[in-house]
Amino acid sequence: MSREVVPHRDGHVYEFGPEMEAAYEAADGESLTIETIDSLNGAIQSDDDLLDAIPEEVNAATGPIAVEGASPGDVLAVEIEAVRVAEDVGRVLTAPGFGLLQDDPDIDHPATRITEVFADGGDRSGGGRIEFEGIELPIDPVIGTIGVATAGETISTLTPDDHGGNLDTTDMTAGTTAYFPVFQEGAMLAMGDAKAAMADGEMCGTGAEIGTEIDVTLSVIEEPEVALDRPLVDTGDAVKTIASAETMEEAVELANSDVVRLLAHEHGFSRTEAYLFSSLVGGLEISQVVDPQVTARNAVPSEYLSVPF
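The notes below deal with the structure included here. Keep in mind the model is a prediction, meaning the values are calculated, not measured.

So, the overall build of the protein
Piece 1. From N to C terminus, the protein includes 2 helices and 22 strands.
Piece 2. Along the longest, intermediate and shortest principal axes, the C-alpha atoms of the protein span 55 × 45 × 40 Å.
Piece 3. When the 309 residues of the protein are sorted by exposure, 53% land in the buried category.
Piece 4. In the protein, the share of contacts with a sequence separation of at least 24, taken over all contacts with a separation of at least 6, comes to 76%.
Piece 5. Measuring between centres, the 13 positive side-chain charges of the protein sit 5 Å from its 61 negative side-chain charges.

Notes on the packing of helix H1 (residues 248-267) against helix H2 (residues 271-281)
Piece 1. Taken N-terminus to C-terminus, the directions of H1 and H2 make an angle of 115°; their axes are 8 Å apart at the nearest point. Relative to H2, the element H1 is oriented roughly perpendicular. Seen from above, H1 lies across H2 with right-handed handedness. Facing Asn-256, Ser-257, Val-259, Val-260, Arg-261, Leu-263, Ala-264 and His-267 of H1, the residues of H2 in contact are Arg-271, Ala-274, Tyr-275, Phe-277 and Ser-278.
Piece 2. For the contact of H1 with H2, the residue count by class is 7 nonpolar, 4 polar and 2 charged.

Focus on the nonpolar core
Piece 1. Leu-76, Val-78, Met-172 and Leu-218 are the most contacted members of the largest nonpolar core, which has 29 residues in total.
Piece 2. Every element with two or more residues in this core is listed here: strand S4 (24-26), strand S5 (31-36), strand S6 (61-67), strand S7 (75-85), strand S12 (142-147), strand S16 (177-181), strand S17 (189-195) and strand S18 (212-221).
Piece 3. Not counting chain neighbours up to four residues away, the residues in contact with Leu-218 comprise Ala-26, Ala-27, Asp-28, Gly-29, Glu-30, Leu-32, Ile-65, Val-67, Ala-77, Val-78 and Leu-189.
Piece 4. Counting residues in hydrophobic clusters, the runner-up holds 19 residues, among them Val-226, Leu-232, Val-259 and Val-281.

Looking at the environment of Gly-211
Piece 1. One can find Gly-211 in the loop between S17 and S18.
Piece 2. Exposure remark for Gly-211: the relative accessible area of 4% places this residue in the buried category.
Piece 3. Taking the C-alpha atoms as reference, Gly-211 lies 6.0 Å from Glu-87; in sequence the two are 124 residues apart.
Piece 4. Contact partners of Gly-211, with chain neighbours within four places excluded, come to Thr-36, Ile-37, Asp-38, Arg-84, Val-85, Ala-86 and Glu-87.

Focus on the pairing of S16
Piece 1. Counting buried positions over the 5 residues of S16 gives 5, a clear majority of the element.
Piece 2. The side-chain alternation of S16 yields two buried faces, one formed by Thr-177, Tyr-179 and Pro-181 and the other by Ala-178 and Phe-180.
Piece 3. Examined bridge by bridge, S7 and S16 share 5 bridges and lie antiparallel to one another. Within S16, the residue paired with Glu-79 across the bridge is Thr-177.
Piece 4. Of the strand pairs in this sheet, S16 and strand S19 (residues 232-234) are connected by 3 bridges, and their pairing is antiparallel. Bridge assignment links Ala-178 to a residue of S19, and that residue is Val-233.

Structural notes on the pairing of strand S10 (residues 129-132)
Piece 1. Pairing of strand S9 (residues 111-118) with S10, which is carried by 3 bridges, proceeds in the antiparallel orientation. Residue pairing in the sheet places Glu-116 in a bridge with Glu-131 of S10.
Piece 2. One ladder, built from 4 bridges, connects S10 with strand S11 (residues 135-138); its direction is antiparallel. In the sheet register, Arg-129 faces S11, and the bridge partner there is Pro-138.

Here we look at the sheet that holds S9
Piece 1. Strand order in the open sheet made by the 4 strands is S8-S9-S10-S11, with antiparallel pairing throughout. Each edge of the open sheet is held by one strand with a lone partner, namely strand S8 (89-94) and S11. Adjacent strand axes in the sheet meet at a mean angle of 30° when their direction is disregarded.
Piece 2. Of the pairings in the sheet, the one linking S8 to S9 comprises 6 bridges and is antiparallel in character. Looking across to S9, one finds that Val-92 is bridged to Arg-113.

A word on the sheet that holds strand S22 (residues 294-301)
Piece 1. Taking strand neighbours across the sheet as the criterion, the 9 strands line up as S1-S5-S18-S7-S16-S19-S20-S22-S21 in an open arrangement whose pairing is mixed. Strands with a single pairing partner mark the edges of an open sheet, and in this sheet they are strand S1 (4-6) and strand S21 (284-288). Pairwise comparison of adjacent strand axes, ignoring direction, gives a mean angle of 30° for this sheet.
Piece 2. Of the strands in this sheet, S19, strand S20 (238-245), S21 and S22 are in contact with H1, which crosses S22 at around 30°.

Re H2
Piece 1. Those residues of H2 that fall on the buried side of the exposure criterion are Ala-274, Phe-277, Ser-278 and Val-281. All buried residues of H2 fall inside an arc of 110° around its axis, so they share one side. More than 90 degrees from the buried face of H2, the exposed residues found are Thr-272, Tyr-275, Leu-276, Ser-279 and Leu-280.
Piece 2. Turning to H2, the residues buried within the fold contact H1 and S22.

Conventions and cut-offs
Residues numbered from 1 in each chain as written. Predicted model: local features only at pLDDT ≥ 70, side-chain atom pairs only at ≥ 80, totals over all residues. Heavy atoms only, no water. Helix = DSSP H or I, 4+ residues; strand = E, 2+ residues; numbered from the N terminus. Buried < 20%, exposed > 50% of the residue type's maximum accessible area, 1.4 Å probe, protein only. Contact = heavy atoms within 4.5 Å. Lys, Arg positive; Asp, Glu negative; His and termini not counted. Charge placed at Lys NZ, Arg CZ, Asp CG, Glu CD. Axes fitted to C-alpha atoms, helices over the stretch in contact; angles between N-to-C directions. Parallel < 35°, antiparallel > 145°, perpendicular 65-115°, else oblique. Left-handed = near helix turned anticlockwise from the far one by under 90°. Nonpolar A, V, L, I, M, F, W, Y, C, P; charged D, E, K, R; others polar. Core = buried A, V, L, I, M, F, W, Y, C linked by side-chain atoms within 4.5 Å. Pairing = 2+ DSSP bridges. Arc of directions from axis to C-beta.

In short, geometric facts, not functional conclusions.
Right, dumping it as structure tokens:
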């Protein structure tokens with residue numbers, strides 16, 4: 001079955017806000033292919049191209065996509081079916097004042113390394129590899145920025161929050177279903193800032209930044225059994241809450257609080273019992289530590305927690 005393609009050139013945003021104009025209107029249950037550009041808009045093409053500062057406009061997110069029937073209080077399910085890299089190179093780099101070790105005098109800021117892409121049999125969704133300084137790494141594409149219209153404040157695509165945004169979470173990849181709270185009519189989904197490969201933490205501030213083609217199916221969940229305040233992902237093996245805050249302590253507290261609510265609903269636990277159980281089956285993971293807010297997740301194996309939508 002053919003899919004509508006939503007290209008970057010037809011609409012993209014650098015901010016998530018409460019009032020967003022749709023680039024495309026999708027039916028509930030529709031499958032789409034979303035084309036994204038690299039996070040730096042093609043400005044970096046060689047090792048000699050350096051980023052002297054983080055641009056004002058960064059992490060272009062294709063969209064927004066209005067989903068028919070989505071209303072505040074609903075949940076938007078985004079089934080990520082494939083993420084294909086669409087360029088022959090990625091780029092990993094540092095910039096002044098950005099990254100976990102931005103003040104280390106022995107690390108160059110700025111610095112750039114182009115990662116050449118080698119695709120096996122033309123399949124770039126996971127069968128290929130990239131090369132960094134002669135070392136080969138498997139392509140494992142990740143959607144860095146993905147989110148919906150915010151409840152109130154307008155937030156840059158560089159910053160993650162309850163609406164999603166720049167989550168830089170390695171679970172945002174093929175095979176995952178992501179769930180987002182709906183704050184505005186139509187939900188207004190947008191995504192971009194993809195990487196051919198990225199480690200948890202995104203320590204230097206980037207992965208191998210690259211343009212992609214992303215296959216998704218969008219579904220609206222009305223009157224969810226459990227209210228969703230922040231993004232949630234189901235990887236098939238685990239259900240993971242995702243939270244962003246100014247400090248890692250705040251982020252992990254939010255992620256754990258969300259898990260406690262889900263465990264209480266799943267098992268009929270009191271909140272205390274769910275909290276105790278979370279300390280047996282949960283697992284805190286770091287998504288990223290370099291954005292204006294940091295992002296963490298709490299992973300519970302699927303045998304102990306299912307998605308309540």
